[in-house]
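Residue-level structural notes
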Amino acid sequence: MTSSNMVSIIEDIVAAGKAYEGNRAGSRETLIDLSYALAGKLEIPSEFLQRTFWAEPAKSANCRTAVRLNIFQHLKDAGDEGLSDEDLAKKTGVGIDLHLLQRLMRHLAVFHVVSFTKGKWCATALSNGLAEQNYQRSIEFCYDSGMPSFYKFPEYFKNNGYNLPKSDTDGPFQYAHKSQISFFPWIEANPPNLANFATFMSAYRAGKPNWFDPGFYPVNERLIEGFDASYSEVLLVDVGGGRGHDMVHLSAQYPSLPGKLVLQDQEPVIASIGIQDPPFEAQVHDFYTPQPIKARAYALHSVLHDWGDEQGVQILENLKPALKTGYSRVLLFEIVVSEDQPSRAATTMDMQMLAHVSVGERTEKDWRDIIERRAGLKITNIYIYPGVAESLIEAELPGSGT
Ligand SMILES: C[S@@+](CC[C@H](N)C(=O)[O-])C[C@H]1O[C@@H](n2cnc3c(N)ncnc32)[C@H](O)[C@@H]1O
């Protein structure tokens, strides 16, 4: 790398840093991207090997052990005082070897997950976040369910002749977990993976803007104005909405919505909601069957990306009988992969989908193919927001002219 390349990255970092200080949307994500770009330019191959194949896997493994031993919670409870090796070991209650504990913790400290100050292990803002139950369950889910698939990618692709998986029962996930069933039945049959997955879904985008946040999708203009309670009292159905975290945030953002919110998902997910006085009605509904509720809009957040094109079209086809021309909107909150400049978040999720459900994220061309050409809907607009991986694709029945 020439020094002029380096200077230009550093100049970009300075500019993004100023934008970050001014709270500009997307500046935090730009700074992270630039820090990767800088490390990528500086790292020599031996350092790349050490980071990629040793340091990062060990960091994930140590986080998984930390969850098992409640280490992040113990550090959080200790506050600024922190904990000595002996005190932390005692708290874990498993008779851990002090030297082993030190070594695991040191590796987490060099990655700034925890800190080490004056002989004590201390929490960081990051480890305090990770101490929350939703992140604890997410670490379990990501480590136990997804990572074995990544490890087996090379073997799986060699054995299948370097082709995409032919079905969702014969992908890297099944290869790694020695199973012949697809991901969703597998997590249901293997507790606590379904519960951990539902928790993970509420955690993986936490802290990122939602499609209904100001400046993203114009909720007032596109959903609230023109809402017709005489047609149906339902404003929005969250199809495959998990435990309803999106609906909770939406109703907090818009406390006076003119119509009802309905959440639909599979029976075990609906049964596990556990929210006191939810701002929505919960309904068991299989999205491979016709949509029973008439509404102003249907949100499908990270739903179609779980499925291949054939199934994606079936899910959309099953919505169509409930849609009213010129009134009902289908809102797909999904990653639209840029063909020219894909983001790290987009390719990471694409690999994750390959690892779990044998499918992948879609480009705009792919989305138009399934939504317009195959399912016969019309995309009215695609809304984006700086630093957010997902876009809001709005579609409706054709012929409305809106
Ligand atoms: C990737 S998650 C998305 C959850 C939520 N929309 C979100 O973004 O957090 C996919 C959801 O689809 C649900 N699901 C899977 N198969 C389903 C089916 N046949 N009918 C209804 N929901 C289903 C899962 O239980 C899960 O909650």
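Cut-offs used in this document
Residues numbered from 1 in each chain as written. Predicted model: local features only at pLDDT ≥ 70, side-chain atom pairs only at ≥ 80, totals over all residues. Heavy atoms only, no water. Helix = DSSP H or I, 4+ residues; strand = E, 2+ residues; numbered from the N terminus. Expected span 1.5 Å × (residues − 1). Bend = angle between axes of the 7 residues up to and from the residue. Buried < 20%, exposed > 50% of the residue type's maximum accessible area, 1.4 Å probe, protein only. Contact = heavy atoms within 4.5 Å. 1 Å grid on protein atoms, 1.4 Å probe; cavity = no way out; pocket = protein on both sides within 12 Å on 5 of 7 lines; lining within 4 Å. Points joined across faces, edges and corners; volume = space filled by probe spheres on them. Nonpolar A, V, L, I, M, F, W, Y, C, P; charged D, E, K, R; others polar. Core = buried A, V, L, I, M, F, W, Y, C linked by side-chain atoms within 4.5 Å. Domains from an automatic or database assignment. Near = heavy atom within 4 Å. Polar contact = N/O pair within 3.5 Å; in protein donor to acceptor, adjacent residues only side chain to side chain. Areas by Shrake-Rupley, 256 points an atom, 1.4 Å probe, with all protein chains shown as cover. Sits in = over half its atoms within 2 Å of the grid points. UniProt positions renumbered as here; feature names shortened; annotations may be inferred. Salt bridge = Lys/Arg side-chain N within 4 Å of Asp/Glu carboxyl O.

Looking at an unreviewed UniProt entry, the protein chain carries the name Putative O-methyltransferase, with the source organism given as Pseudomassariella vexata.

Before going further, it helps to spend a moment on helix α3 (residues 45-68). In a regular helix each residue adds 1.5 Å, so 24 residues correspond to 34 Å; α3 covers 34 Å between its end C-alpha atoms and thus fits that length. Residue Arg 51 marks the point of greatest curvature in α3, where the axis turns by about 35°. Among all positions in α3, only Ala 55, Asn 62, Cys 63, Arg 64, Ala 66 and Val 67 are buried. The elements touched by buried residues of α3 are α4 (71-78), α6 (98-110) and α8 (133-159). Downstream of α3 by one or two residues, Asn 70 has phi in the positive range, about 55°.

The next point concerns empty space enclosed by the protein. If you walk through the whole model with that rule in mind, you get 4 cavities of 30 Å³ or more. Roughly 130 Å³ of internal volume is contained in the largest cavity. Taken together, 15 residues line the largest cavity, and the ones lying closest to its centre are Phe 197, Phe 200, His 305, Asp 306 and Met 353. Of all the secondary structure elements, the ones that give two or more residues to the lining of the largest cavity are α10 (183-189), α11 (193-203) and α16 (344-357). It is α16 that contributes the most residues to the lining of the largest cavity, 5 residues altogether. Classifying every residue of the lining of the largest cavity by side-chain character gives 10 nonpolar, 4 polar and 1 charged.

It is worth spelling out the nonpolar core at this point. Tyr 298, Leu 300, Leu 304, Leu 316, Val 330 and Ile 371 are the most contacted members of the largest nonpolar core, which totals 46 residues. Built from parts of two domains, this core gets at least three residues from each of domain 2 (139-203) and domain 3 (219-396). Beyond its immediate stretch of four places on either side in the chain, Leu 304 contacts Gly 312, Ile 315, Leu 316, Leu 332, Glu 334, Arg 362, Trp 367 and Ile 370. Counting 26 residues, the second-largest nonpolar core is a separate cluster that includes Trp 211, Val 219, Phe 227 and Ala 297.

A few words now on the layout of surface pockets. Looking at the second largest pocket, its volume works out to about 740 Å³. Looking at the second largest pocket, it is lined by 40 residues, and the ones nearest its centre are Phe 184, Val 303, Asp 306, Trp 307 and Val 357. Listed by contribution, the elements that provide at least two residues to the lining of the second largest pocket are α10, α11, α13 (245-253) and α16. Along the lines of polarity and charge, the residues of the lining of the second largest pocket split into 18 nonpolar, 14 polar and 8 charged. Taken together, domain 2 (139-203) and domain 3 (219-396) each give at least three residues to the lining of the second largest pocket, which thus spans both.

Taken together, 18 residues sit near the ligand, with Gly 240, His 245, Asp 265, Asp 286 and His 301 positioned nearest. In the environment of the ligand, an oxygen atom lies 3.0 Å from a nitrogen or oxygen atom belonging to the side chain of Gln 266. Its free accessible area being 590 Å², the ligand has 96% of it covered by the protein chains. Judged by the proximity of its atoms to the pocket grid, the ligand belongs to the second largest pocket. Residue composition of the shell around the ligand, grouped by class: 7 nonpolar, 8 polar and 3 charged. Three or more residues apiece are contributed to the shell around the ligand by two domains, here domain 2 (139-203) and domain 3 (219-396).

This part is about the UniProt feature "active site" (unreviewed entry) in the protein chain. Per the UniProt annotation, the sites labelled "active site" (unreviewed entry) are His 305. Inspection of the secondary structure assignment puts His 305 in the loop between β6 (297-301) and α15 (309-319). Excluding its chain neighbours within four sequence positions, the residues that come into contact with His 305 are Glu 334, Met 349, Met 353, Val 359, Gly 360, Glu 361 and Arg 362.

On to the pattern of salt bridges. Taken as a whole and assessed by the stated rule, the structure comprises 21 salt bridges. Taking the shortest distance from any N to any O, the salt bridge between Glu 29 and Lys 208 comes out at 2.9 Å. In this pair, Glu 29 sits in helix α2 (residues 27-42) while Lys 208 sits in the loop between α11 and α12 (219-224), placing the two residues 179 residues apart along the sequence. With its nearest N and O atoms 2.7 Å apart, the salt bridge here joins Arg 51 to Glu 43. Given the relative accessible area of 30%, Arg 51 is considered partly exposed. Each of Arg 222, Arg 329, Lys 378, Glu 394 and Glu 396 takes part in one network of salt bridges that share partners.

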